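Residue-level structural notes
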Amino acid sequence: MQGLGYETFCLQGGDIGAAVSSWLAYRFPQNTTALHLNYIPGSYRPPLDAGQAPISTEEQAFLDHVAQWADSEGAYAHMQGTKPQTLAYALTDSPIGLAAWISEKFQAWSDGDIRTTFSLDALLIEISIYWFSGTLDSSLRLYKESRKRPMHFKANERVLPPLGLAHFARELPLPPRSWVERVYDVRRWTEMPKGGHFAAMERPELLAEDIRAYFRPFRTR
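These remarks concern the structure in this document.

All chains considered together, the criterion is met by one cavity of 30 Å³ or more. Roughly 50 Å³ of volume is contained in the largest cavity. Around the largest cavity sit Leu91, Thr92, Leu98, Tyr130, Trp131, Gly134, Thr135, Leu136 and Asp137, which together line it. When contributions to the lining of the largest cavity are tallied by element, the ones reaching two or more residues are α4 (84-92), α7 (120-133) and α8 (136-148). Broken down by class, the residue content of the lining of the largest cavity amounts to five nonpolar, three polar and one charged.

This is how it looks when you write it as C-alpha cells:
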C-alpha cells in the first residue's frame, strides 16, 4: 500500500483474508485506519492467563460448539493442515476429485442449496482457477503453515485499529462479541439476516453496504 502511495488505509477480509487483515492491523496499527471483517479466524485465541477475565458461559458454549463442529466438519482442515502434499497429488490428478472437494464446501457453508445459491458458471470458474493454474498445492499448504503460527495472543497484546464485524447468518462458528473484544477494539457488530461463509459471492450487496457504512466515518477525502 505504501508503494502505491497510501501511508494509511483500511483493511477488509473474510476467511484467510480475515487472518491476513488482522495480522496487518496488529503489526502496523499506525498505518491501519480501521479494520472490517466478516469472519474471525478459526485459530484466534485471546490471552487466558492469570489476571484475565474468566471464560463466560456464552464463551464456553462457543468453545464447545467449535469442538463439536471440528469433530463433524473439520476433517478437511486437519488433512490440509497435516498432510497437504498427499492430498494435493490426488486432487491435482483428478478434475472430478477437485470439483467434489471444492463443491462440498460451497454446499456445506452457504445459506441454501448450492444449485440455487451460486451459478454453475461461478462454481466452474472457482474450480478452474485451481485446475488450470496448478496452484491447489500452495492453497492447501497454507493450512499447515498457519498451524505453525496460529492467531494466539498473549497478555497485553491487542489489535489496536477499530473493528467492524459483519456476521452472516450461516457463517462457520463465530465467537461471541465478548470473546472478540478481549483482543479487538470492536466498534460495530452487524448481524446479517442471511448469507454464509462465502459472503462476497453469496450476498455481495449486503457485505458491500456494511463495509461502506462502517468505513465512511473514517474517510479523510
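There is more to say after this.
Below, the discussion takes up the layout of surface pockets. Of the voids in this model, the largest pocket is the one considered here, and its volume is about 1,000 Å³. Among the elements of the structure, α1 (16-27), α2 (57-73), α3 (75-82) and α8 are those that each provide at least two residues to the lining of the largest pocket. Per-element accounting of the lining of the largest pocket gives the leading share, five residues, to α8. Residues of the lining of the largest pocket, tallied by class, amount to 23 nonpolar, seven polar and five charged. Computed from the structure, the second largest pocket encloses a volume of approximately 630 Å³. Forming the boundary of the second largest pocket are 26 residues, of which Asp15, Trp109, Glu126, Tyr130 and Phe198 lie nearest the centre. Partitioned by chemical class, the residues of the lining of the second largest pocket number 16 nonpolar, seven polar and three charged.

Before going further, it helps to spend a moment on unusual backbone geometry. One non-glycine residue with positive phi stands out, namely Asp15, at about 55 degrees. Looking at the element boundaries, Asp15 is found in the loop between β1 (9-13) and α1. Exposure remark for Asp15: the relative accessible area of 29% places this residue in the partly exposed category. The phi dihedral of Asn156 falls on the positive side, at around 75 degrees, and the residue is not glycine. In this structure, Asn156 sits in the loop between α8 and β3 (159-167). A residue is classified by how much of its surface remains accessible, and Asn156, at 78% relative accessible area, is exposed.

The rules behind the values
- Residues numbered from 1 in each chain as written.
- Predicted model: local features only at pLDDT ≥ 70, side-chain atom pairs only at ≥ 80, totals over all residues.
- Heavy atoms only, no water.
- 1 Å grid on protein atoms, 1.4 Å probe; cavity = no way out; pocket = protein on both sides within 12 Å on 5 of 7 lines; lining within 4 Å.
- Points joined across faces, edges and corners; volume = space filled by probe spheres on them.
- Helix = DSSP H or I, 4+ residues; strand = E, 2+ residues; numbered from the N terminus.
- Nonpolar A, V, L, I, M, F, W, Y, C, P; charged D, E, K, R; others polar.
- Buried < 20%, exposed > 50% of the residue type's maximum accessible area, 1.4 Å probe, protein only.

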